[in-house]
Amino acid sequence: MPEPAASVPLRPWSRVWRYLAALGVAALLWVVVAIDVLFSRDDAVPRDDMDVLTAALVLDMALGVVALALLPLRRRRPVLVAGLTAALSSVSASAVGASTLAAVSMSTRRRWAGAAVVGVVWAVAGAFYQGLYRPALPGVGSSIQYMLVTWAVTIAVYVASVATGFYIGARRELLDTLQERAETAEREQALKAEAARESERTRIAREMHDVLAHRISLVAMHAGALTYRTDLTPAETAGTAAIIEENAHHALVELRQVLGVLRAGSSDLEGQTEPPQPSLRELGSLLAETAEAGTPVRLDAAGLAEPGGGASSEGGTDTDALATIPGTLSRTAFRIVQEALTNARKHAPGEAVMLRLAREGDNLTVEVSNPAPRTAPRGVPGAGLGLTGLQERASLAGGVLTHGVDDTGAFLVTASLPWEHR
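Enquirer: Before we move on, could you go through the overall build of the chain and cite the residues and values that matter?
Expert: On a plain count of helices and strands, the chain comes out with 11 helices and six strands. About 23700 Å² of surface is accessible on the chain, with carbon and sulfur atoms providing 61% of the total.

Enquirer: Talk me through empty space enclosed by the protein; I want residue IDs and the actual numbers.
Expert: Tallied over the full model, the rule gives one cavity of 30 Å³ or more. Every residue along the wall of the largest cavity is listed here: Val33, Val37, Leu53, Ala56, Leu57, Asp60, Tyr129, Tyr133 and Leu137. Counting only elements with at least two residues in the lining of the largest cavity, the list comes to helix H1 (12-38), helix H2 (47-70) and helix H5 (112-136). Sort the elements by how many residues they give to the lining of the largest cavity and H2 lands first, with four residues. Its residues assigned to classes, the lining of the largest cavity comprises eight nonpolar, no polar and one charged.

Enquirer: Hey, could you go over the packing of aromatic side chains for me, with residue numbers and the actual values?
Expert: Counted according to the given criterion, the structure contains two aromatic pairs. Ring plane angle 40° and centroid distance 4.5 Å describe the contact between Trp112 and Phe166, whose orientation is recorded as tilted. Of this pair, Trp112 sits in helix H5 while Phe166 sits in helix H6 (residues 144-228), and the two are 54 residues apart along the sequence. Centroid distance Trp122 to Tyr158: 5.2 Å. Interplanar angle 40°. Geometry classified as tilted.

Enquirer: Would you mind going over helix H10 (residues 327-347) in detail, with residue names and values included?
Expert: Given a rise of 1.5 Å per residue, 21 residues ought to cover 30 Å, and the 30 Å separating the end C-alpha atoms of H10 matches this to within 8%. Burial within H10 is extensive, with 17 of its 21 residues counted as buried.

Enquirer: Which residues make up a nonpolar patch on the surface, and what are the values?
Expert: The grouping of Val16, Leu20 and Leu23 at the surface amounts to a nonpolar patch, some 250 Å² of accessible area in total. Here Leu23 is to be found in helix H1. Exposure remark for Leu23: the relative accessible area of 43% places this residue in the partly exposed category.

Enquirer: How would you summarise the pairing of strand S4 (residues 363-371) if you had to cite specific residues and measurements?
Expert: Sheet analysis places strand S3 (residues 353-360) next to S4, joined by seven bridges and oriented antiparallel. The partner of Ala358 across the bridge, within S4, is Thr365. Joining the antiparallel neighbours S3 and S4 is a turn of two residues, in which Gly361 adopts a positive phi near 70°. Bridge count for S4 against strand S6 (residues 410-418) is nine bridges, and the pairing is antiparallel.

Enquirer: Explain the pattern of salt bridges to me, and be specific about the residues and the numbers.
Expert: Taken as a whole, this structure holds three salt bridges when the rule is applied. Two residues, Arg110 and Glu173, come together in a salt bridge whose shortest N-O distance is 2.4 Å. Here Glu173 lies in helix H6 and Arg110 lies in the loop between helix H4 (96-107) and H5, a separation of 63 residues in the sequence. Its relative accessible area of 17% is what places Arg110 among the buried residues. Relative accessible area serves as the criterion here: at 30%, Glu173 is assigned to the partly exposed category.

Enquirer: Lay out H5 with the relevant residues and their values.
Expert: With 25 residues, H5 extends 35 Å from end C-alpha to end C-alpha; this agrees with the ideal 36 Å at 1.5 Å per step. The sharpest bend along H5 comes to roughly 40°, located at Tyr129. All of the buried residues along H5 are Gly114, Ala115, Val118, Gly119, Trp122, Ala123, Ala125, Gly126, Tyr129, Gln130, Tyr133 and Arg134.

Enquirer: Lay out the packing of H10 against helix H11 (residues 386-396) in plain terms, naming residues and giving numbers.
Expert: Where H10 meets H11, the closest approach of the two axes is 10 Å, and the angle between their N-to-C directions is 165°. Judged by the inter-axis angle, H10 sits roughly antiparallel to H11. Seen from above, H10 lies across H11 with left-handed handedness. The segment H10 lies against H11, with Thr332, Arg335, Ile336, Glu339, Ala340 and Asn343 engaging Gly386, Leu387, Leu390 and Arg393. Class assignment of the residues belonging to the contact of H10 with H11 gives a composition of four nonpolar, three polar and three charged.

Enquirer: Explain the nonpolar core to me, and be specific about the residues and the numbers.
Expert: Judged by nonpolar contacts, the single largest core of 34 residues is most densely connected at Val37, Leu71 and Tyr158. For this core, the secondary structure elements donating two or more residues are H1, H2, helix H3 (78-88), H4, H5 and H6. Top contributing element to this core by residue count: H2, with six residues. Other than its neighbours up to four places away in sequence, Tyr158 contacts Ala103, Met106, Ala115, Val118, Gly119 and Trp122. The next biggest cluster of nonpolar side chains, apart from the first, holds 33 residues, and it includes Ala321, Ala340, Leu357 and Leu387.

Enquirer: Give me the confidence of the model for the chain: which residues, what numbers.
Expert: Taken over all residues, the pLDDT of the chain has a mean of 77, while the share at 70 or more is 78%. Predicted confidence is poor over residues 1-6, with pLDDT under 50, and the contacts of this stretch with residues over four places away or in other chains come to 14 contacts. Across residues 265-272, where pLDDT falls below 50, the model places two contacts with residues more than four positions away in sequence or in other chains.

The rules behind each value
- Residues numbered from 1 in each chain as written.
- Predicted model: local features only at pLDDT ≥ 70, side-chain atom pairs only at ≥ 80, totals over all residues.
- Heavy atoms only, no water.
- Helix = DSSP H or I, 4+ residues; strand = E, 2+ residues; numbered from the N terminus.
- Areas by Shrake-Rupley, 256 points an atom, 1.4 Å probe, with all protein chains shown as cover.
- 1 Å grid on protein atoms, 1.4 Å probe; cavity = no way out; pocket = protein on both sides within 12 Å on 5 of 7 lines; lining within 4 Å.
- Points joined across faces, edges and corners; volume = space filled by probe spheres on them.
- Nonpolar A, V, L, I, M, F, W, Y, C, P; charged D, E, K, R; others polar.
- Phe/Tyr/Trp six-rings, centres within 6.5 Å; stacked < 30°, edge-to-face > 60°.
- Expected span 1.5 Å × (residues − 1).
- Buried < 20%, exposed > 50% of the residue type's maximum accessible area, 1.4 Å probe, protein only.
- Patch = residues over 30% accessible without salt bridge, like charges linked within 9 Å, V, L, I, M, F, W, Y side chains within 5 Å.
- Salt bridge = Lys/Arg side-chain N within 4 Å of Asp/Glu carboxyl O.
- Pairing = 2+ DSSP bridges.
- Bend = angle between axes of the 7 residues up to and from the residue.
- Axes fitted to C-alpha atoms, helices over the stretch in contact; angles between N-to-C directions.
- Parallel < 35°, antiparallel > 145°, perpendicular 65-115°, else oblique.
- Left-handed = near helix turned anticlockwise from the far one by under 90°.
- Contact = heavy atoms within 4.5 Å.
- Core = buried A, V, L, I, M, F, W, Y, C linked by side-chain atoms within 4.5 Å.
- pLDDT = per-residue confidence, 0-100.

Shown next, in the form of structure tokens:
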């Protein structure tokens, strides 16, 4: 059974014209009845009969007014109001206008049970009015053919009213469905826009962190050396200051490049080459900077070489082996190594770091380990989101990243990234 259409609030004019239509039908039918009982006869009407006919016309009008007064309740009690107004039409022709409007209003709910019950009341009321009530009036005759025709017209009017109500209800339901779809589409569009903004904010934060964390940590380490080392010669102090200046300059340049990429739209980037992103090809420079900051790194890239070859160096790299790693994977791995080394410098300054790169099946494995600090380090404060960002980056690349202290007491960061084919 179809669901009833929602009760749509009517605007003032929509409400007024419905009452005016019901009132107009009631007045027209009352005039027709008055002409039928008073003026459609050849002989004069006796006084007693005239009193009865006048009382019948007054009753007809009064019941028509009562039927009109019930109409405001039709939206809360549709079946009850439709049934009562139909019952009033059994002795009042002027109630037919109100009962028609009530039948249409009830049918907009599209409930067959209510329509059937009210239909029975309509049929009984029409038969009673034409077969018993009207012939009982003095001087008013009626033939069987006339009664059947008028009763059939009554049934036809009710069927037309129900069909109209069902159509209105279906149309309202369609409009409600379309409106709901439009509102749902707007909400989904707003959610997509918000998700895009959130994704863009996350991307900006990740890129800014990757660019600045490494350089700023180097600046902080060397600045800390100037703060706590009072035994440095003027040449050593000048060299350290030069390193700080150089790394600050690099940080500004890289920050400017990242902001330029993030601010540029697709139309702005047409015909332009995006600034190159760092990859494992620059791993040598990264390890050299880390060693210069007092954190030696041992690289084991033997797992990347062809069988029979290998690469293992103190602060060096096998360029040929690193060149075999696809571009996107190489960039992701570089950022992971960069952040892991930054954390090692911050939390275990001066401790040696072991870096292992290996291709294991269809995955690239990146392992960075360093002795876990026994005390809280004194250095650059962190937001605590570096490792979380690494996990997100690895997940976006289709891999996984884990971190924690292993059985030997070393802090181990391990990433497994799917190997991309060119």
